[in-house]
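# Chains, contacts and geometry: an overview
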Amino acid sequence: MLGDIETMQQRAVMVEIEEMIQSTPDYADIREALRSLNFIPEQDDPDVAIWVHPGLRIFVLLQMNLGGGYAGYRVAAYDDLKGREGEFAGYNAR
C-alpha cells in the first residue's frame, strides 16, 4: 500500500512540473521552482539542464534555447526510463 501512495505522489509531482514548465517560458523561474521542490541540479549548462529528485525518483531534462528559454523537456520517473521498444517513457513537450 505504501508503494501505491508513493507512486501517486510521484505522478502528482510530475504533472505539477509539466504544468509549471508549460506555463513558465523563462528557465530562471523554472530553476527556482525546481529548487523549491527539492530537486537537485545534476547538470545546468547553457544547452541542457538535468534536475533530479532522488526521494521521488524523478528526473527533469530541459533542452535550452540560446535566449534563456527551453526548446523541449522531458519529465520521467527513474522506473519509467525504458518504455516499449527501447523508447524513453515520460512526459514530452514541444
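Let us look at the structure shown here. What you see is a predicted model, and the numbers here were worked out from it, not measured in a lab.

### Some remarks on the environment of Asp 29
Turning to its location among the elements, Asp 29 is positioned in helix H2 (residues 27–36). As a C-alpha pair, Asp 29 and Gly 69 span 40 residues in sequence and 9.9 Å in three-dimensional space.

### What about the environment of Val 75?
Examined against the element boundaries, Val 75 turns out to sit in strand S4 (residues 70–77). The exposure class of Val 75 is buried, given its relative accessible area of 0%. C-alpha of Val 75 to C-alpha of Ile 17: the two residues are 58 residues apart in sequence and 7.6 Å apart in space.

### Some details on the nonpolar core
What tends to happen in soluble globular proteins is that the nonpolar side chains get buried as a cluster. Judged by nonpolar contacts, the single largest core of 21 residues is most densely connected at Ile 17, Ile 21, Val 60 and Leu 62. Mapped by element, the contributors of at least two residues to this core are helix H1 (2–23), H2, strand S2 (48–53), strand S3 (58–64) and S4. If we skip the residues at most four places from it in the chain, Val 60 touches Ile 17, Ile 21, Leu 34, Phe 39, Ala 49, Ile 50, Trp 51, Arg 74 and Val 75.

### Observations concerning the layout of surface pockets
The calculated volume of the largest pocket comes to roughly 190 Å³. What lines the largest pocket is Gly 3, Glu 6, Thr 7, Gln 9, Gln 10, Arg 11, Gly 55, Leu 56, Arg 57, Asp 79 and Asp 80. Looking at the lining of the largest pocket residue by residue, the classes come out as one nonpolar, five polar and five charged.

### Regarding the pairing of strand S1 (residues 40–44)
As defined by bridge partners, S1 adjoins S2 across four bridges and the pair is classed as antiparallel. Directly across from Gln 43, in S2, lies its bridge partner Ile 50. Connecting the antiparallel pair S1 and S2 is a turn made up of three residues.

Here is what the cut-offs are and how they apply
- Residues numbered from 1 in each chain as written.
- Predicted model: local features only at pLDDT ≥ 70, side-chain atom pairs only at ≥ 80, totals over all residues.
- Heavy atoms only, no water.
- Helix = DSSP H or I, 4+ residues; strand = E, 2+ residues; numbered from the N terminus.
- Buried < 20%, exposed > 50% of the residue type's maximum accessible area, 1.4 Å probe, protein only.
- Core = buried A, V, L, I, M, F, W, Y, C linked by side-chain atoms within 4.5 Å.
- Contact = heavy atoms within 4.5 Å.
- 1 Å grid on protein atoms, 1.4 Å probe; cavity = no way out; pocket = protein on both sides within 12 Å on 5 of 7 lines; lining within 4 Å.
- Points joined across faces, edges and corners; volume = space filled by probe spheres on them.
- Nonpolar A, V, L, I, M, F, W, Y, C, P; charged D, E, K, R; others polar.
- Pairing = 2+ DSSP bridges.

Any functional reading would require information beyond the geometric quantities listed.
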